[in-house]
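Descriptive structure summary
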Amino acid sequence: MNLVIRRFIFIWVLSITLLSCQINEQRANNITNISKPQTTVKSVHELPDITTYANTKSDQFIVNIDQVLTGIPFMGVRSKKPHSGAHVHFDSALFKNGSKPEDYPPIYAAVDGIITRVDECFPLHNSMGVSHERYGLDLAFARDNKDGSIYNLAYSIEPMVMQPSDGFYRKFIIATNGQYVKKGDIIAYMYVPPEANGTHIHFDINNFQKSRDYFMAPALFTPDVVQRFSKTWRGDSSMDGGTPIPPCMGYMLGEYENPFGGAIDKL
């Protein structure tokens, strides 16, 4: 199968994976037993205020961009096709010979921070029931100096298959809950199943201590990184209806979707 056909297939399934994510974000709001960040008081005080990242951006993306097949930015409530998370998608054909985690794309800490959540396996649902199982991490990287609440960069790692065997995903997770990590540290690997469609990482910023509805654009990266990321967008993923999406990490954001405050067209 040539690259053009594979890209077409990934773009075709993108709408399906977006719908799956939206359904599960709604389900997540109904979960009451998810713990709040487990950082200590001392570590919380060491995190910078969220406003630091309004001007100080990271040159470290969450993955190697040259391994990304396609992607989308965070699509805000003011866009024609809202979706509360950015995506990076991978081509299964490039990793079909993988046999160990190191054979797959590394996932990086985009900024310094503390791992506050590790999910070794979590079922995702669509209208038909459990559709696939994912794994993921939260990286606490900033706080609100006014109320002490914590901002997390959330990595939802979605191979788009059921876990091949019990505990299979565990070996793809490198970081541990409570661990302090530096920008550029490998925190996990992206399992890309053979012949899977739609394998991706959904990433956003959350602050569930403020509200479980707080999903925010992951606007943490330098203009160069954002420009390189935007060059992976193809077909429908590069358009909002009939309007081309400009290079950004968040597009047509509502006030609560901007981690730095205020509705904005691109961030």
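Before any of the text, the structure's been laid out above.
Residues numbered from 1 in each chain as written. Predicted model: local features only at pLDDT ≥ 70, side-chain atom pairs only at ≥ 80, totals over all residues. Heavy atoms only, no water.

**Observations regarding the overall build of the protein**
Rule in force here: Secondary structure elements are taken from DSSP: a helix is a run of H or I of four residues or more, a strand is a run of E of two residues or more, and numbering for both begins at the N terminus. Each residue is placed in one exposure class: buried if its accessible area under a 1.4 Å probe, protein chains only, is under 20% of its type's maximum, exposed if it is over 50%, and partly exposed if it falls in between. Residue contacts are counted whenever heavy atoms from the two residues lie within 4.5 Å of one another. Accessibility throughout is a Shrake-Rupley quantity obtained with a 1.4 Å probe, and a residue counts as covered only by protein chains that appear here.
Along its length, the protein carries four helices and 15 strands. The burial tally for the protein puts 53% of its 267 residues in the buried class. Pairs at least 24 apart in sequence give 72% of the contacts found in the protein among residues at least 6 apart. Approximately 12000 Å² of the protein is accessible, and the part contributed by carbon and sulfur atoms is 52%.

**Here we look at the sheet that holds strand 15 (residues 264–266)**
Strand pairing in a sheet relies on backbone hydrogen bonds. The paired strands run either parallel or antiparallel. Quick reminder of the rule: Strand pairing is defined by DSSP finding a minimum of two bridges between the two strands.
Pairing is mixed in the open sheet, where three strands are placed in the order 2-14-15. Looking along the sheet, the strands with just one partner apiece sit at the ends: strand 2 (74–75) and strand 15. Pairing between strand 2 and strand 14 (residues 250–253): two bridges, direction parallel. Its bridge partner being in strand 14, F74 is matched across the sheet by G250.

**So, the nonpolar core**
Generally speaking, nonpolar side chains in soluble globular proteins are found buried as a group. Put simply, the rule is: Among buried residues, those of type Ala, Val, Leu, Ile, Met, Phe, Trp, Tyr and Cys that are joined through side-chain atoms within 4.5 Å constitute a nonpolar core.
Ranked by internal contacts, the top residues of the largest apolar core, which has 55 residues, are F61, I62, V88, F141 and F221. For this core, the secondary-structure elements that each account for two or more residues are strand 3 (86–89), strand 6 (129–143), strand 7 (150–158), strand 9 (186–189), strand 10 (200–206), helix 4 (223–230) and strand 14. With five residues, the single largest contributor to this core is strand 6. Excluding anything up to four places from it in sequence, F61 contacts V88, Y108, F203, F221, V225, F229 and M249.

**Thoughts on helix 4**
Where we set the bar: Throughout, the arc means the angular range of directions from the helix axis out to the C-beta atoms.
Within helix 4, burial applies to V225, V226, F229 and S230. Down the axis of helix 4, the sector holding all buried residues measures 135 degrees, keeping them to one side. With respect to the buried face of helix 4, the exposed residues turned more than 90 degrees away are P223 and D224.

**Section: the packing of aromatic side chains**
Going by this rule: Here the aromatic set is Phe, Tyr and Trp, taking the six-membered ring for Trp, and pairing holds for ring centres within 6.5 Å; pairs whose planes are under 30 degrees apart are stacked, those over 60 apart are edge-to-face, and all others are tilted.
The tally for this structure, following the rule as stated, stands at 17 aromatic pairs. Ring geometry for Y169 and Y191: centres 6.5 Å apart, planes at 50 degrees, overall tilted. Residue Y169 is located in the loop between strand 7 and strand 8 (180–181), and its partner Y191 is located in the loop between strand 9 and strand 10; the two are separated by 22 residues in the primary sequence. Exposure class is identical for Y169 and Y191. Each is buried. Geometrically, the ring pair formed by F172 and Y191 is tilted, given 5.3 Å between the ring centres and 50 degrees between the ring planes. Remark: Y191 occurs in the loop between strand 9 and strand 10 and F172 occurs in the loop between strand 7 and strand 8; sequence separation between them is 19 residues.

**Describing unusual backbone geometry**
Excluding glycine, a negative phi dihedral is what most residues carry, and trans is how most peptide bonds are arranged. The backbone phi angle of M160 is positive, close to 70 degrees, even though this residue is not glycine. As for its position among the elements, M160 is in the loop between strand 7 and strand 8. One non-glycine residue, M252, adopts positive backbone phi at about 55 degrees.

**What about the pattern of salt bridges?**
How we decide: Every case where a carboxyl oxygen of Asp or Glu lies within 4 Å of a side-chain nitrogen of Lys or Arg is listed as a salt bridge.
Overall, the coordinates contain 10 salt bridges when judged by the stated rule. Note that R170 is salt-bridged to E120, the shortest N-O span being 2.8 Å. Residue R170 is located in the loop between strand 7 and strand 8, and its partner E120 is located in strand 5 (residues 113–126); the two are separated by 50 residues in the primary sequence. What makes R170 partly exposed here is its relative accessible area of 47%. Residue classification places E120 among the partly exposed positions, given a relative accessible area of 36%. In this structure, a network of salt bridges that share partners links the residues R117, D119, R134 and D138.

**Observations concerning the pairing of strand 3**
Neither face of strand 3 is left uncovered, since the one carrying A86 and V88 and the one carrying H87 and H89 both have all their residues buried. Direction of pairing for strand 1 (residues 70–72) relative to strand 3: antiparallel, over a ladder of three bridges. Bridge assignment links G71 to a residue of strand 3, and that residue is V88. Direction of pairing for strand 3 relative to strand 10: antiparallel, over a ladder of four bridges. Bridged to H89 within strand 10 is H200.

These figures capture arrangement, not role.
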